[in-house]
Amino acid sequence: MQPVLLIDIGSTYTKVLAADMAEPCILGTAAHTTVATDVAIGLEEALLALEAKTGPLSYTARLACSSAAGGLRMVAVGLAPSLTEQAARMACLGAGAKVVRSFAYQLTEEDMAEIAAILPDILLLTGGTDGGNDAVITHNAAMLATCNADFPILLAGNRNATARCRELLKGRTVITTENVMPRLEQLNVAPVQKQVRALFLERIVHAKGLGPVAKQMDGPLIPTPAAVLLATELLAKGTDSQSGFGDLLAIDLGGATTDVYSMARGDPAGGEVVLKGLPEPYAKRTVEGDMGMRYSVSGIVDAVGVPWLSTHSGRSPEQVTAQIAHLAAHPDMLPDTPADLALDQALASAAIMTATRRHAGTTEVVYTIQGPTIAQTGKDLTEVRRLIVTGGAIIHNSGAGQVAKYALFDPKTPQSLRPKTAEIYMDSRYILAAMGLLRQRDPDVALTLMKKELQTLWNCKTNA
């Protein structure tokens, strides 16, 4: 036996998993509420619960990921609105950050007041291709130098303006890296991701008492989103000795957010379709902070409306409104009646439908000098054939397959390029983050375990 310990330290729960590298198999899993003051206490309790199932084990390696401090709140400042937003979001992929606001063109006094009020964990300052426009980024650096709020600034713009920007920002915490867009429509996000990931890990180590825990690990802590990205990419691509699933979509439905991962190129399917905007990465993650089953339940209502939830739950609009208010006030509440379960299923369906619509690409008719043509923004996921779902509202729902189908293409909204048909799998033991950690030690074992553990729900077609 070659047991390894894989740890996922979250904001609400710490999950531990013991796997045997020799078999390979999962020896046991356990979880415990993360203690607000020191996650080390929550980890200790989870390990005791795991040992009660597996007995004492002598681990050959201990690896961990964490999202215990929550995602870094990023503000992005750049030149063009759409490019700034998209570049910043791609830079956040798997790095433990989320874009809460973006600004374009020259910052104003009103913009500065809003940035100070947000007090971001990090500000991404971009603007101009290398050798291109440098007036905007230097103006914005000068404006940021006057801000009373204290936050690190990640400078990733026109390299010809870097020295001037650093001079203007003297006295502030400035981290310089390569231009996020060195040439027009060419992204270079890896250096920015590396710096964001380092800031994220520094924050969780200091903010959540993870220093002693980190020292006990046999590798560096990584953000949980990065671990899940590693796992889903491995599952899609496979290894030199094992085939993967091919293109896939994965959804993690939580109490505060719904995270969506896609592993696909997503190029336009037909020659008559042209790509609009920046190309997107093969491995993509989006976080919908207003799509949570409890802490963000009001966002689900805002997205689909009370009438939709009433129709899909069989409850009156008045009952839906009252229950939503109760859930918002009591986020720890679990459904225990048929009526509550029906509403939870409707909420889960709405969250998955909305989150996947936002994640997938879209098409629209645009008019050019050659006449009308179809333009695609984002990824075309219509040919993706594998869907993995996880999260408490999925795992503990007898209608999980029915809920998952809301991730699929809907003829009523044909412009949303979601999968037309898919084989649906459920991660019922929350193994994806752990398998991302294990991939760093032995990709073949991690892939074998995912293939063994992911449960097939069903095959289904378009969400008609």
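Residues numbered from 1 in each chain as written. Predicted model: local features only at pLDDT ≥ 70, side-chain atom pairs only at ≥ 80, totals over all residues. Heavy atoms only, no water.

**Student:** Looking at this structure, how should I read the nonpolar core?
**Tutor:** Across soluble globular proteins, nonpolar side chains have a tendency to be buried as a group. Core analysis: the biggest nonpolar cluster contains 43 residues, and Leu253, Leu309, Leu347, Ile352, Leu387, Val389 and Ile394 have the highest contact counts within it. With nine residues, helix H12 (residues 338-359) is the largest single contributor of residues to this core. Not counting residues up to four positions away in its chain, the partners in contact with Leu387 are Leu249, Ile251, Ala404, Ala407, Leu408, Ala422, Glu423, Ile424 and Tyr425. (Core = buried A, V, L, I, M, F, W, Y, C linked by side-chain atoms within 4.5 Å. Buried < 20%, exposed > 50% of the residue type's maximum accessible area, 1.4 Å probe, protein only. Helix = DSSP H or I, 4+ residues; strand = E, 2+ residues; numbered from the N terminus. Contact = heavy atoms within 4.5 Å.)

**Student:** How do you make sense of helix H1 (residues 39-54) when you look at a structure like this?
**Tutor:** Three- or four-residue spacings in an α-helix give side chains the same orientation, since the helix completes a turn every 3.6 residues. Helix length check: H1 (16 residues) gives 22 Å between terminal C-alpha atoms against 22 Å at 1.5 Å per residue, within 8%. Within the span of H1, buried status applies to Val39, Gly42, Leu43, Ala46 and Leu50. In a view along the axis of H1, the buried residues occupy a sector of 100°, so they form one face of it. Lining the buried residues of H1 we find strand S1 (3-9), strand S2 (13-20), strand S3 (25-33) and helix H7 (211-215). The positive-phi residue at the C-terminal boundary of H1 is Gly55, with phi of around 80°. (Expected span 1.5 Å × (residues − 1). Arc of directions from axis to C-beta.)

**Student:** Got a minute to help me understand the pattern of salt bridges in this structure?
**Tutor:** In a structure, side chains of opposite charge can pair up when their charged atoms sit close to one another. Considering all chains together, one arrives at 18 salt bridges under this definition. Between Arg439 and Glu233 there is a salt bridge, and its shortest N-O distance comes to 3.4 Å. In this pair, Arg439 is assigned in helix H15 (residues 432-439) and Glu233 in helix H8 (residues 224-237), connecting sequence segments 206 residues apart. The class of Arg439 is partly exposed, set by a relative accessible area of 24%. Given a relative accessible area of 19%, Glu233 falls into the buried group. As a salt-bridge pair, Arg429 and Glu453 come within 3.1 Å of each other at their nearest N and O atoms. Taken together, the residues span a long stretch of sequence, with Arg429 in the loop between strand S18 (421-426) and H15 and Glu453 in helix H16 (residues 443-453) at a distance of 24 residues. (Salt bridge = Lys/Arg side-chain N within 4 Å of Asp/Glu carboxyl O.)

**Student:** What is the right way to look at the confidence of the model for the protein chain in this model?
**Tutor:** The predicted coordinates should not be examined in detail at positions where pLDDT is low. Per-chain confidence: the protein chain averages 89 in pLDDT, with 94% of residues scoring 70 or above. Strand S19 (residues 455-461) is the least confidently modelled element of the protein chain, averaging 76 in pLDDT, while H16 averages 97, the highest of any element. (pLDDT = per-residue confidence, 0-100.)

**Student:** Help me understand the pairing of strand S11 (residues 248-253), please; the structure alone is not making it clear to me.
**Tutor:** Along any regular strand, the residues point their side chains to alternate faces of the sheet. Within S11, five of the six residues are buried, which leaves the element mostly enclosed by the surrounding structure. Sheet topology places S11 next to strand S12 (residues 258-263); six bridges connect them, and they run antiparallel. Bridge pairing links Asp252 to Asp259 in S12. Here S11 hands over to S12 after four residues, the two strands then running antiparallel side by side. Summarising the sheet, S11 and strand S17 (residues 386-390) pair through five bridges and their orientation is parallel. The residue of S17 that forms the bridge with Ala250 is Ile388. (Pairing = 2+ DSSP bridges.)

**Student:** Can you walk me through the sheet that holds strand S15 (residues 362-368) in this structure?
**Tutor:** The strand order S13-S16-S15 describes an open sheet built from three strands, whose pairing is mixed. One side of each edge strand has no neighbouring strand; the edge strands of this open sheet are strand S13 (273-276) and S15. Across the sheet, the mean angle separating the axes of adjacent strands is 40° when strand polarity is ignored. (Axes fitted to C-alpha atoms, helices over the stretch in contact; angles between N-to-C directions.)

**Student:** Honestly, the layout of surface pockets in this entry has me stumped. Any pointers?
**Tutor:** Volume-wise, the second largest pocket comes out at about 720 Å³. Along its surface, the second largest pocket is lined by 31 residues, and Glu85, Arg89, Lys284, Thr286 and Arg358 are the ones closest to its centre. Residue assignment for the lining of the second largest pocket shows that the elements contributing at least two residues are helix H2 (81-92), strand S6 (97-104), strand S14 (283-288) and H12. The greatest single-element share of the lining of the second largest pocket, amounting to seven residues, is contributed by H2. (1 Å grid on protein atoms, 1.4 Å probe; cavity = no way out; pocket = protein on both sides within 12 Å on 5 of 7 lines; lining within 4 Å. Points joined across faces, edges and corners; volume = space filled by probe spheres on them.)

**Student:** Can you help me understand the packing of aromatic side chains in this one?
**Tutor:** What characterises a pair of aromatic rings is the spacing of the ring centres plus the angle enclosed by the ring planes. If you walk through the whole model with that rule in mind, you get two aromatic pairs. Ring geometry for Phe245 and Tyr425: centres 5.0 Å apart, planes at 35°, overall tilted. In this pair, Phe245 is assigned in the loop between H8 and S11 and Tyr425 in strand S18, connecting sequence segments 180 residues apart. With respect to burial, Phe245 and Tyr425 carry one shared label: buried. A ring pair is formed by Trp308 and Tyr406, whose centres lie 6.0 Å apart and whose planes are at 75°; its orientation type is edge-to-face. Taken together, the residues span a long stretch of sequence, with Trp308 in helix H10 (residues 306-313) and Tyr406 in the loop between helix H14 (400-404) and S18 at a distance of 98 residues. Looking at Trp308, the relative accessible area reads 19%, which means it is buried. Of the residues examined, Tyr406 reaches a relative accessible area of 13% and is grouped as buried. Above the plane of the ring of Tyr430 lies Lys15, whose end atom (NZ or CZ) is 5.6 Å from the centre. (Phe/Tyr/Trp six-rings, centres within 6.5 Å; stacked < 30°, edge-to-face > 60°. Lys NZ or Arg CZ within 6 Å of the ring centre and 35° of its normal.)

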